[in-house]
Amino acid sequence: GMDFFALLANGGPTGESPSIFDSASPAADSIGNLSILVLAVAGLIFLVVEGILFYCVFRFRRRGQDAAEPPQVYGSKSIEIAWTAAPALIVFFLMLVITRTLWEVEVDPPSPQAGDQTLFVTVVGRQWWWEYRYEYYDGRKLGLVTANELHIPASAEDAARRTYLRLESADVCHSFWVPRLAGKTDLIPGQTNQMWLEARGPGVYVGQCAEYCGTQHAGMLLRVIAEEPADFERWLEHEAQPAADLPSARSARDAFLAQSCVNCHRVRGTPAQGGYAPELTHLMARKTLASGLLENNRENLDRWVGDPQSIKPGCLMPDFKLSDADRQRIVEYLLTLE
Amino acid sequence: MSEESIPPTRSAHALRQRTDEGPPPIPPAISPEQTLGAAQWGMLAFLLSEVAFFSTLIVAYLSFLGKDKIGPTPSEALSLSLVIVTTACLLASSVTVHLATHALASGRQRQFCLWWLATIVLGVAFLAGTGYEWRELIERHHLTISRNLFGTTYYTLVGFHGLHVTLGVIAMLVVLALAARRAVSGQNALAAQLTGWYWHFVDGVWIVVFTVVYVAGR
Amino acid sequence: MAVAEQNLPLETENPPWTERLREWVTTVDHKQIGILYVVMSVVFLVIGGCEALLMRWQLLSPRNDFLPPDFFNQLFTMHGTTMVFFVGMPILIGIGNYLVPLMIGARDMAFPRLNALGFWATLFGGCLTYFSFATGGAPAVGWFAYAPLTERTFARGPATDFWALGLIVSGVGTISAAVNFVATILGMRAPGMTLRKMPFFVWTMLWTSVQMLLAVPPLTAALVMLLFDRQFEAHFFDTANGGSAILWQHLFWFFGHPEVYILILPVFGMVSEVIPVFSRKVLFGYEFMAAATMAIAFISMGVWAHHMFCIGMSRTLDLYFAAASLLVSIPTGIKFFNWLATMYGGRLRFDSPMLFAFGFLSMFLIGGLTGIMLAAAPFDFQLSDSYFVVGHFHWVLIGGTLFGTFAGVHYWYPKATGRRLSERLARWQFWLLYIGFILTFGPMHVSGMLGMPRRIFTYEPDRGWDLWNQLATLGAFVQAPSFAIFAYNLWSSLRRGELAGDDPWDAWTLEWTTTSPPPAYNFAELPTVRSRRPLWDAKHPDDPDWKYE
Ligand code: HEA
Ligand code: HEA
Ligand code: CUA
Ligand SMILES: [Cu+2]
């Protein structure tokens with residue numbers, strides 16, 4: 001026999017699922033424990049009530065032509081009280097556990113302090129990608145902006161490294177959901193929400209936008225990359241640099257700057273200062289394109305710049321019908337944005 | 001229920017098998033229930049749904065109160081003096097409609113028509129006041145529905161109330177026309193009575209709107 | 001056969017079809033209006049079901065490109081809207097329309113013309129909503145249409161306006177129906193039928209109507225605000241200019257949660273009629289059942305934000321809404337246990353109505369329990385907006401509402417037409433639905449817990465969701481013939497069904513005392529009532545119910 005929870009935890013036969021039971025953080029643990037408890041209570045109620053139902057069905061099924069009416073029983077106050085009280089007790093018990101879990105998973109963010117090994121990021125949901133503004137780490141002010149791949153420091157046995165997210169939206173409602181790390185919280189225009197993450201170990205944790213937000217809601221994937229603190233520090237340092245400016249790529253760069261790309265995208269250190277679309281300064285440091293839909297490599301970049309609409313139909317980057325030469329030079333340039 | 005529509009009994013009725021073999025038990029007499037009539041229940045049900053509707057508009061009004069970044073604000077735009085007069089009209093009309101239905105119930109046709117007409121006049125006066133107020137708001141304060149949150153919520157709330165007053169006035173005109181043809185009497189006073197209920201309700205809503213918009217929210 | 005042929009008014013005279021059409025279009029008879037509602041709902045059920053089949057085909061495999069994203073988004077919006085507003089509500093209102101006057105011994109509803117208006121408004125609302133397809137695409141905002149995605153900035157084109165207008169118009173229909181039910185039930189009961197002696201179905205229609213009166217107008221108001229935003233540049237939900245996304249959510253769910261009980265309370269009523277008759281026992285604990293109905297109606301007005309646990313409410317509010325939602329399980333449990341107690345010690349007959357009632361009991365329980373999981377707020381932080389929710393609500397809507405409604409339709413069809421539905425087809429319908437339904441919606445609970453969000457037109461291959469989606473699609477195609485069989489059975493039994501007679505099930509409520517179908521005036525002579533089971537009293541004059549109530 002197959003263990004149901006084992007199946008749930010490792011994602012079934014065809015792949016690696018972001019299962020809510022395969023938790024990798026204290027918050028997801030708490031919820032996981034609550035879940036199993038509630039499932040067990042529900043399972044028990046199910047067995048008892050369904051059991052009685054099936055008992056009735058088989059035991060009291062009319063056999064043959066028994067014409068007589070059975071005894072008529074109109075009700076019983078004491079029985080009614082009993083089966084009002086029993087569920088009431090169960091509900092009371094559930095409320096206690098729910099309260100405890102609620103206070104475990106919903107915590108107010110602290111303020112940044114030197115040496116706290118805590119990361120603060122503002123997440124801006126956008127149709128249909130994620131903007132990350134790194135505010136503080138370990139008490140240091142950061143102020144760098146990146147997109148689509150959220151890097152966080154991983155915890156260790158002896159050191160909890162938490163990430164606090166401020167959630168905002170630039171357009172419609174979205175929801176941040178990485179099941180192995182935490183429950184979801186919505187990003188709502190006109191309001192700032194809070195949530196926190198913590199990853200027990202390094203790794204890539206996937207998820208996706210969980211509030212319907214228009215055409216490409218399905219294409220708004222989430223990747224959280226938890227790294228050893230040293231790697232994370234290195235990544236931070238690299239991201240803080242302006243874009244690479246290779247002499248060999250000057251003409252490719254000019255081809256890029258000559259296009260309308262600059263109106264929407266930002267490449268720090270160049271005149272491209274658009275704030276509407278994903279920051280491209282360190283594009284090549286990302287593993288994926290188009291918020292997780294494509295592997296980030298030359299071939300896919302070429303396809304994306306050539307016609308984003310065929311890859312992510314409805315997305316807010318138009319098809320520019322670039323000439324082959326322009327496209328190749330632009331891709332050449334993008335490839336230098338390490 | 002005719003006898004032959006009843007199929008033969010197939011019951012042993014075990015739990016309460018009759019032991020005495022006397023004649024079947026005699027059912028108790030039925031006492032008539034004294035409640036409202038169907039039309040009255042219907043009107044109450046309708047008014048309940050109206051309460052839910054206006055509550056929603058009021059909640060929306062309150063939830064945006066004071067959240068505006070651009071003016072005009074309620075205290076800048078709304079003038080109390082006019083609205084106190086229109087409110088007085090509406091309150092008075094609740095009295096007159098009561099007197100009218102009362103007169104009708106006791107068969108005083110002429111008095112009914114007079115009070116009924118007075119109610120209509122007061123209702124129209126209220127509407128005229130509102131019309132004037134809106135013109136001032138639009139022309140002097142440049143407050144439109146798209147101007148700011150106050151404009152959005154104010155016109156929606158006060159507008160829907162005004163629409164209800166208008167519908168009430170039309171309903172009362174219909175009754176008045178019927179009365180003029182001597183088709184309204186003490187016996188069929190129901191329609192007039194229900195219109196009266198509706199009118200009281202519209203007044204009641206105004207008291208809440210007035211309190212929320214012109215007193216508390218200003 | 002020849003003898004019984006006489007009391008079949010549906011067939012005896014055969015006027016030209018134009019005449020019959022005119023009669024149906026202009027009718028103000030509650031029975032005909034009831035039938036119109038049901039027919040309309042079945043038509044929309046097939047439409048909404050076909051939309052679902054298209055979605056399931058798209059979701060059969062990862063990165064499938066059978067449907068473009070926007071079309072998929074239109075499909076789930078229209079599927080959800082259709083099923084809730086143009087299938088669920090009208091079929092229950094229609095059945096209520098047919099039965100309430102018959103059950104309380106009245107000749108019609110209180111306001112027959114308002115009744116007709118209600119039906120035509122509902123139908124017109126449905127047509128308006130579907131008309132958006134002709135304007136270049138249906139709305140793609142989801143059935144709860146969260147702001148500000150519905151604002152003109154994000155939803156250009158007139159589709160969303162048609163959607164809002166359609167729901168406002170059909171909402172007027174719903175309010176008319178509710179007003180009519182309240183007036184009829186409170187003002188027109190037969191002599192002797194006190195509130196405590198009403199058939200249980202009538203109780204549930206009364207409270208359903210109260211819920212409609214309280215919950216539908218807030219939706220209407222919210223839709224009006226949305227239209228003002230879209231047409232007159234008002235700012236209710238225009239977050240770019242200070243409007244509020246959360247206000248819409250509160251208003252919608254203040255309607256939306258009671259709405260789901262509007263979709264289940266009449267069903268509770270129907271199975272409360274069916275289970276006693278097919279168990280040959282009186283309904284156990286009538287007063288407690290009535291009180292539980294009332295409790296559900298009241299509590300459910302205060303639980304709406306359990307649909308909004310993830311919007312960042314305070315812990316206190318989370319706690320309150322979790323507690324209130326869990327509380328609903330207590331009165332629902334009371335109902336459940338009373339049904340079981342009614343069956344206990346009975347002589348159960350599993351004709352098709354009881355078969356569907358059994359389907360209801362065995363499945364609604366599961367849907368209720370997954371509801372409990374969602375109501376456990378922190379658990380919902382994971383489950384909300386995942387396929388688990390889709391699993392939950394189909395389980396209650398199909399396992400609960402549809403199974404119970406089918407029980408009712410199979411039970412009362414003989415009354416309405418004079419003929420029985422084919423029992424053989426009914427069994428096919430039941431088992432295909434039972435198996436197909438479990439196969440479709442069971443796996444959704446799993447894919448939801450594996451992290452699959454709802455409303456995605458496609459998904460990545462490496463997430464382990466393939467198998468569960470394949471099973472769901474398979475299940476959908478197992479269910480589909482069940483609905484076709486049902487529609488065919490309704491149609492063909494009109495002519496070929498076995499003659500039913502006045503009281504085919506040996507039942508106890510007033511509607512079975514008149515002919516099948518009943519005459520336009522329902523009762524030649526208005527009945528007098530002394531107990532909850534007037535026909536039991538008539539059948540057992542030596543030992544009537546009124547001695548015990
Ligand atoms: C027929 C319609 C119907 C019914 C009856 C219910 C019944 C319930 N529902 Fe469900 N629900 C929907 C239709 C329905 N729901 C729909 C359509 C949605 C989604 C809308 C959308 O997002 O598109 C939804 C979504 C939904 C959510 C939001 C999920 C999310 O989006 O995040 C929640 C959360 O609390 C919830 C809870 C409940 C609860 C607690 C009940 C309870 O009433 C259940 C009570 C019943 C039982 C518990 C079983 C019987 C009881 C016993 C045997 C007694 C013993 C039991 C205990 C002590 C536990 N429902
Ligand atoms: C009563 C309500 C109801 C009913 C009955 C159904 C029935 C079905 N639903 Fe429903 N569904 C909802 C209410 C309902 N749904 C709601 C409210 C939503 C949320 C929408 C939103 O997110 O906005 C939803 C969303 C929803 C989704 C999620 C979409 C998404 O999030 O991306 C899916 C996915 O599989 C789905 C599938 C199905 C299926 C397969 C059926 C099947 O049971 C359908 C079976 C019926 C048929 C297959 C028709 C058969 C007819 C024929 C074969 C023709 C024969 C005709 C003649 C002979 C005349 N539904
Ligand atoms: Cu962003 Cu869905
Ligand atoms: Cu709900």
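It should be noted that the structure appears before, not after, this text.
Residues numbered from 1 in each chain as written. Chains lettered and ligands numbered in written order. Predicted model: local features only at pLDDT ≥ 70, side-chain atom pairs only at ≥ 80, totals over all residues. Heavy atoms only, no water.

Visitor: A description of the overall build of chain B should follow, citing residues and the corresponding values.
Guide: Looking only at helices and strands, one finds six helices and zero strands in chain B. If you list the helices and strands of chain B from N to C, you get α-α-α-α-α-α. (Helix = DSSP H or I, 4+ residues; strand = E, 2+ residues; numbered from the N terminus.)

Visitor: How would you explain the coordination of the iron atom of ligand 2 if you had to name every residue and give the values?
Guide: Residues and elements named next belong to chain C. With distances of 2.0 Å, the protein atoms coordinating the iron atom of ligand 2 are His-79 (NE2) and His-394 (NE2). Each of the six donor atoms bound to the iron atom of ligand 2 contributes to angles spanning 86 to 180 degrees, and the resulting shape is octahedral. In this pair, His-79 sits in helix α4 (residues 69–104) while His-394 sits in helix α14 (residues 387–417), placing the two residues 315 residues apart along the sequence. Here the two residues His-79 and His-394 agree in accessibility, since each one is buried. (Donors = N, O, S within 2.8 Å, 3.2 Å for Na, K, Ca; no water. Tetrahedral: all angles 85-135°; square planar, octahedral: opposite > 155°, others 65-115°. Buried < 20%, exposed > 50% of the residue type's maximum accessible area, 1.4 Å probe, protein only.)

Visitor: I'd like a description of the coordination of the iron atom of ligand 1, backed by residues and values.
Guide: All names here are of chain C. Its sole protein donor being His-392 (NE2), the iron atom of ligand 1 sits 2.2 Å from that atom. Taken as an interatomic distance, the gap from the iron atom of ligand 1 to the copper ion (ligand 4) is 4.5 Å. If you trace the backbone, His-392 turns up in helix α14.

Visitor: Hey, could you go over the pairing of strand β2 (residues 129–137) of chain A for me, with residue numbers and the actual values?
Guide: Strand residues, when the strand is regular, have side chains that alternate between the two faces of the sheet. All names here are of chain A. Two strands pair when backbone bridges link them, and strand β1 (residues 119–126) and β2 are joined in this way by eight bridges, in the antiparallel orientation. Counted as the bridge partner of Thr-122 is Arg-133 from β2. Alignment of β2 against strand β3 (residues 140–147), held across six bridges, turns out to be antiparallel. Looking at the pairing, Tyr-134 lines up with Leu-144 of β3. Hairpin connection of β2 to β3: two residues between the antiparallel strands, including Asp-138 at a positive phi of 55 degrees. (Pairing = 2+ DSSP bridges.)

Visitor: Account for empty space enclosed by the protein, naming residues and giving values.
Guide: Residues and elements named next belong to chain C. Taken as a whole and assessed by the stated rule, the structure comprises nine cavities of 30 Å³ or more. The computed volume of the largest cavity comes to approximately 170 Å³. Ser-272, Glu-273, Leu-283, Arg-532 and Arg-533 are the residues nearest the centre of the largest cavity, which is lined by 15 residues in total. Ranked by residue count, the leading element in the lining of the largest cavity is helix α9 (residues 265–279), at four residues. (1 Å grid on protein atoms, 1.4 Å probe; cavity = no way out; pocket = protein on both sides within 12 Å on 5 of 7 lines; lining within 4 Å. Points joined across faces, edges and corners; volume = space filled by probe spheres on them.)

Visitor: Break down the sheet that holds β3(A) for me, with residues and values.
Guide: Residue and element names in this part refer to chain A. Pairing within the open sheet is mixed, and its five strands lie in the order β3-β2-β1-β5-β8. The outermost strands of the open sheet, each flanked by one partner alone, are β3 and β8 (193–197). Here the strands of the sheet are splayed against their neighbours by 20 degrees on average, with no regard to which way each runs. (Axes fitted to C-alpha atoms, helices over the stretch in contact; angles between N-to-C directions.)

Visitor: Could you give me a rundown of the sheet that holds strand β4 (residues 149–153) of chain A, with the residues and numbers involved?
Guide: Remark on secondary structure: sheet strands pair via backbone hydrogen bonds, oriented parallel or antiparallel. Residues and elements named next belong to chain A. Overall, mixed pairing links the three strands, which are arranged β4-β10-β9 in an open sheet. Either end of the sheet is taken by a strand with one partner, and the two such strands are β4 and β9 (203–208). Within the sheet, the average angular offset between the axes of one strand and its neighbour, ignoring direction, is 25 degrees. Across five bridges, β4 lies against strand β10 (residues 221–227) in parallel orientation. Its bridge partner lying in β10, Glu-149 is registered against Arg-223.

Visitor: Describe the interface of chain A and chain C, with residues and values.
Guide: With 92 residues of chain A in contact, the opposing surface of chain C contributes 100 residues. Of the roughly 8,200 Å² buried between chain A and chain C, counting both surfaces, carbon and sulfur atoms make up 69%. When the shortest N-O distance is used, the salt bridge between A:Glu69 and C:Arg280 registers 2.8 Å. For the interface between chain A and chain C, the tally reads 27 residue pairs in polar contact (both at pLDDT 80 or more). When grouped by side-chain class, the residues that make up the side of chain A that touches chain C number 55 nonpolar, 23 polar and 14 charged. (Contact = heavy atoms within 4.5 Å. Buried area = accessible area lost by both parts, 1.4 Å probe. Salt bridge = Lys/Arg side-chain N within 4 Å of Asp/Glu carboxyl O. Polar contact = N/O pair within 3.5 Å; in protein donor to acceptor, adjacent residues only side chain to side chain. Nonpolar A, V, L, I, M, F, W, Y, C, P; charged D, E, K, R; others polar.)

Visitor: Any details on the environment of B:Phe53? Residues and values, ideally.
Guide: By secondary structure assignment, the location of B:Phe53 is in helix α1 (residues 38–64). Once residues within four sequence positions are removed from consideration, B:Phe53 is found in contact with B:Phe160, C:Pro217, C:Thr220 and C:Ala221.

Visitor: A description of helix α4 (residues 229–240) of chain A should follow, citing residues and the corresponding values.
Guide: Since the α-helix advances by 3.6 residues per turn, residues separated by three or four positions end up pointing in the same direction. Here α4(A) contains 12 residues, and its C-alpha end-to-end distance of 16 Å stays within 8% of the 16 Å for a straight helix at 1.5 Å per residue. Taken together, the buried residues of α4(A) touch β1, β2, β3, β4 and β10 of chain A. (Expected span 1.5 Å × (residues − 1).)

Visitor: Which residues make up a nonpolar patch on the surface, and what values do they have?
Guide: Residue and element names in this part refer to chain B. A cluster of nonpolar side chains, contributed by Leu-163, Leu-167, Ile-170, Val-174 and Leu-178, occupies part of the molecular surface with about 420 Å² of accessible area. Mapped onto the secondary structure, Leu-167 falls in helix α5 (residues 149–180). Judged by relative accessible area, which is 45%, Leu-167 ranks as partly exposed. (Patch = residues over 30% accessible without salt bridge, like charges linked within 9 Å, V, L, I, M, F, W, Y side chains within 5 Å. Areas by Shrake-Rupley, 256 points an atom, 1.4 Å probe, with all protein chains shown as cover.)

Visitor: Could you give an account of the site of ligand 2, with specific residues and numbers?
Guide: Residues and elements named next belong to chain C. Taken together, 31 residues sit near ligand 2, with His-79, Trp-143, His-394, Arg-455 and Gln-479 positioned nearest. The side chain of His-79 places a nitrogen or oxygen atom 2.7 Å from a nitrogen atom of ligand 2. At 2.8 Å from an oxygen atom of ligand 2 is found a main-chain nitrogen or oxygen belonging to Trp-143. Counting residues per element, the ones that place at least two in the shell around ligand 2 are α3 (30–58), α4, α14, α15 (423–449) and α16 (466–496). Examining the composition of the shell around ligand 2, we find that seven residues originate from one element, α14, more than from any other. (Near = heavy atom within 4 Å.)

Visitor: Account for the site of ligand 1, with residues named and values stated.
Guide: As a structural note, the neighbourhood of ligand 1 is formed by 31 residues, with C:Trp143, C:Tyr261, C:Asp380, C:Ser384 and C:His392 the closest of them. What surrounds ligand 1 is not a single chain but chains A and C. C:Asp380 is positioned with one of its side-chain polar atoms (N or O) 2.7 Å from an oxygen atom of ligand 1. Here an oxygen atom of ligand 1 sits 2.8 Å away from a polar atom, N or O, in the side chain of C:Arg454. Those elements giving two or more residues to the shell around ligand 1 turn out to be α8 (245–262), α11 (315–343), α12 (352–375) and α14 of chain C. Considering only residue class, the shell around ligand 1 consists of 18 nonpolar, 11 polar and two charged.

Visitor: I'd like to hear about the packing of helix α2 (residues 26–59) of chain A against α12(C), residue by residue, with values.
Guide: Following both chains from N to C, one finds α2(A) and α12(C) inclined at 170 degrees, their axes separated by 10 Å at the closest point. Taken as axis vectors, α2(A) and α12(C) run roughly antiparallel relative to one another. Side by side, α2(A) and α12(C) meet where A:Val38, A:Leu39, A:Ala42, A:Ile45, A:Phe46, A:Val49, A:Glu50, A:Leu53, A:Phe54 and A:Val57 of the first sit next to C:Phe358, C:Leu361, C:Ser362, C:Leu365, C:Ile366, C:Leu369 and C:Met373 of the second. Looking at the contact of α2(A) with α12(C) residue by residue, the classes come out as 15 nonpolar, one polar and one charged. (Parallel < 35°, antiparallel > 145°, perpendicular 65-115°, else oblique.)

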